[in-house]
Amino acid sequence: MAKFIDGKIVAKKKWTDKLFSLQVEAKVDPFEAGQFAKLALDIDGDLVSHPYSFVNAPHQNPLEFYFTLVPSGLLTTQLVKLDQGDSILISRHASGFLRLSELPQAKYLWLLSTGTGIGPFLSILNTKESWRRFDRIILVHAVRYEDDLTYRESISKLLTEYGEQFRYIPFVSRAITSFALQMRIPQSIEEGLLEAHAGIPLLPESSQIMICGNPNMVKDTTEILLSKGFKKNKRKEKGQVTVENYW
Ligand SMILES: Cc1cc2nc3c(=O)[nH]c(=O)nc-3n(C[C@H](O)[C@H](O)[C@H](O)COP(=O)(O)OP(=O)(O)OC[C@H]3O[C@@H](n4cnc5c(N)ncnc54)[C@H](O)[C@@H]3O)c2cc1C
Ligand SMILES: NC(=O)c1ccc[n+]([C@@H]2O[C@H](COP(=O)([O-])OP(=O)(O)OC[C@H]3O[C@@H](n4cnc5c(N)ncnc54)[C@H](OP(=O)(O)O)[C@@H]3O)[C@@H](O)[C@H]2O)c1
């Protein structure tokens, strides 16, 4: 059972009708970029808690969480009602395997996300360690509609700071845009388009891949990578593909 402490909402951002970020002040234990905490609320006398990835890097304050409103979702329908000054419970300890310290060394780091799965990658991208360790980092954010491509300002700052070392590849599956790929991640790997847009080869000998978000995307993408010779990264048996399913 997670041990919860009090947190205070210090800011709230509404990106779209369904996408929100909450900034929280709370004295949590040290964590690693890519990990998650549990957020909890008392709902009709029951403590309801779910995991949410830190969007902020460990050295950044306040804590930040990015979530989608699940229609009829037990917790998210209450989280959206919170505002600046409200209280929230947060687990003191962070958890999660989606972190750089679990990754063997490689030349390239590929961060593949759908929807709110971009959160832990923003945390990772805001650490100095990621830029020290990898020659090139590719961030993929795959969403349904253009408005779902959130955190563009933070990404622009990273592009300015890291130049050629960083590539951002947005995917928008259900609308035509002038800049995003209109397809799904597994298809882009199969057809060689992801490599073409990244400008580097996607090979097991030079790449580490992190995948986060929609479990069907995680499964389909992992299957394609395994068929290309990649191996799952496990604590006891190191490989190149590290995943986190959001549901
Ligand atoms: C390790 C981990 C980290 C997570 N981090 C985040 C995060 O940073 N941001 C976030 O929004 N969610 C995250 N989730 C999902 C989150 O914990 C909740 O499951 C989600 O917010 C739904 O809660 P709920 O009580 O409102 O919905 P429930 O009443 O529990 O309904 C669950 C259903 O909602 C849908 N769903 C759940 N999560 C998502 C999602 N992220 N995007 C689209 N559909 C979803 C699925 O259909 C799922 O079956 C994470 C989950 C895990 C396991
Ligand atoms: N109940 C459910 O089963 C369910 C599932 C997903 C989302 N939702 C709801 O939808 C809302 C929006 O969430 P979201 O935008 O984050 O949705 P999402 O369905 O995760 O879509 C994000 C991106 O992932 C793509 N995707 C979906 N399945 C994939 C797969 N197997 N392989 C590769 N890519 C895949 C989508 O492509 P496409 O546009 O081609 O699908 C889209 O580009 C949320 O409120 C959530 O509750 C419900």
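Residues numbered from 1 in each chain as written. Chains lettered and ligands numbered in written order. Predicted model: local features only at pLDDT ≥ 70, side-chain atom pairs only at ≥ 80, totals over all residues.

What follows concerns helix α4 (residues 152–162). Of all 11 residues making up α4, only 0 are buried, and the element is barely covered by its neighbours. One or two steps after α4, the chain reaches Gly163, where phi turns positive at roughly 50°. (Buried ≥ 20, exposed ≤ 12 C-beta atoms within 10 Å, placed from the backbone. Helix = DSSP H or I, 4+ residues; strand = E, 2+ residues; numbered from the N terminus.)

Examined at the domain level, the protein chain breaks down into domain 1 (4–91) and domain 2 (100–245). Just the C-alpha atoms count here: the centres of domain 1 and domain 2 sit 24 Å apart. The interface is formed by 15 residues belonging to domain 1 together with 14 residues belonging to domain 2. Of the residues assigned to the side of domain 1 that touches domain 2, the class counts are 8 nonpolar, 6 polar and 1 charged. (Domains from an automatic or database assignment. Contact = placed C-beta atoms within 7 Å. Nonpolar A, V, L, I, M, F, W, Y, C, P; charged D, E, K, R; others polar.)

By nearness alone, 21 residues border ligand 1, and His50, Phe67, Gly73, Leu75 and Thr76 come closest of all. Residue assignment for the shell around ligand 1 shows that the elements contributing at least two residues are β4 (46–53) and β5 (63–68). Across the shell around ligand 1, the residue classes break down as 11 nonpolar, 9 polar and 1 charged. If you count residues domain by domain, the shell around ligand 1 takes at least three from each of domain 1 (4–91) and domain 2 (100–245). (Near = placed C-beta within 6 Å.)

Residue alternation in strand β2 (residues 19–25) divides its side chains into a buried set, Phe20, Leu22 and Val24, and an unburied set, Leu19, Ser21, Gln23 and Glu25. The pairing of strand β1 (residues 4–14) with β2 spans 6 bridges and is classified as antiparallel. Looking at the pairing, Lys14 lines up with Phe20 of β2. Joining the antiparallel neighbours β1 and β2 is a turn of 4 residues. Pairing between β2 and β5: 6 bridges, direction antiparallel. Residue pairing across strands places Leu22 opposite Phe65, the latter belonging to β5. (Pairing = 2+ DSSP bridges.)

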